[in-house]
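Reading the structure
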Amino acid sequence: AKSVKAAFAAGFGALKGGGAKHVAVALSGAGEVSAAHAEALVAAVNDATYVYRHTKPSAPAAGALAKVTLLAEKSAAKAVSQGLAHGQAIAAGVTLARELANRPGNHCTPTYLGEQAKRLGKEFGLKVEVMDRKAIEKLGMGSFLAVAQGSAEPPRFIVAQYHGAPKTQAPVVLVGKGITFDTGGI
């Protein structure tokens, strides 16, 4: 699967900026097309077609590529559909992360990042809490507040929870950091 991902990335990288409007992809020598192959295809297309435009009036125009078809055996249709759907969901998340990371600090402020988290919460049924300075102080997060003093923007601490797994399944906890101004290395 790793070589298929690399081949997709190389192929769509070579097509970037070209005039192709519809690309059909067929795998040879990789066995039956799987959900993982379909997911990798979506990731490669997303990587090859992404261009940040929000604050760049002279950004390159969108490429001509409008459609990608993955050719597969009929027996693989269900797996391919699941892989495409999963790949599209991941690609949407990657694109959102890119959009936020590419915005300058005066656009993607802690407040803006908190608003985006709330928007995602409403859209996908997440419980989202965006804490302000007072709530952060109440929790005794002195180190966090010390770092936040480096910005004129008010700090925000975001907690997003998704309770979709069965109660018998152990929770998965992800911890991340959203840096919205240059801290000496983003």
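This report concerns the structure included in the present document. (Residues numbered from 1 in each chain as written. Predicted model: local features only at pLDDT ≥ 70, side-chain atom pairs only at ≥ 80, totals over all residues. Heavy atoms only, no water.)

1. Overview of the packing of helix 2 (residues 35–49) against helix 3 (residues 77–102)
Axis separation between helix 2 and helix 3 bottoms out at 7 Å; the angle between their running directions is 30 degrees. Judged by the angle between their axes, helix 2 and helix 3 are roughly parallel. Judged by the sense of rotation from one axis to the other, the crossing of helix 2 with helix 3 is right-handed. Residues Ala-35, Ala-38, Glu-39, Val-42, Asn-46 and Asp-47 of helix 2 form the contact with helix 3, whose participating residues are Ala-79, Val-80, Gly-83, Leu-84, His-86, Gly-87, Gln-88, Ile-90, Ala-91, Val-94, Thr-95 and Arg-98. Residue composition of the contact of helix 2 with helix 3, by class: nine nonpolar, six polar and three charged. (Axes fitted to C-alpha atoms, helices over the stretch in contact; angles between N-to-C directions. Helix = DSSP H or I, 4+ residues; strand = E, 2+ residues; numbered from the N terminus. Parallel < 35°, antiparallel > 145°, perpendicular 65-115°, else oblique. Left-handed = near helix turned anticlockwise from the far one by under 90°. Contact = heavy atoms within 4.5 Å. Nonpolar A, V, L, I, M, F, W, Y, C, P; charged D, E, K, R; others polar.)

2. A look at the side chain of Ser-151
Inspection of the secondary structure puts Ser-151 in the loop between helix 6 (142–148) and strand 4 (157–161). Overall, Ser-151 belongs to the buried group, its relative accessible area being 19%. Separated by 3.0 Å, the side chain of Ser-151 and the backbone nitrogen of Glu-153 make a polar contact. (Buried < 20%, exposed > 50% of the residue type's maximum accessible area, 1.4 Å probe, protein only. Polar contact = N/O pair within 3.5 Å; in protein donor to acceptor, adjacent residues only side chain to side chain.)

3. Regarding the packing of aromatic side chains
Enumeration according to the criterion identifies one aromatic pair in this entry. Taken together, a centroid distance of 5.5 Å and an interplanar angle of 90 degrees make the contact between Phe-144 and Phe-157 edge-to-face. Here Phe-157 lies in strand 4 and Phe-144 lies in helix 6, a separation of 13 residues in the sequence. On the basis of relative accessible area, Phe-144 is assigned to the partly exposed category, the value being 29%. (Phe/Tyr/Trp six-rings, centres within 6.5 Å; stacked < 30°, edge-to-face > 60°.)

4. Quick word on the pairing of strand 1 (residues 22–26)
By the alternation rule, side chains of strand 1 split into Val-23 and Val-25, which are all buried, and His-22, Ala-24 and Ala-26, of which none is buried. The pairing of strand 1 with strand 2 (residues 67–71) spans five bridges and is classified as parallel. Bridge assignment links Val-23 to a residue of strand 2, and that residue is Val-68. The β-α-β motif built from strand 1, the intervening helix 2 and the parallel element strand 2 has right-handed crossover chirality. (Pairing = 2+ DSSP bridges. Right-handed = clockwise from strand over helix to strand, strands pointing away.)

Purely spatial values, then, with no claim about function.
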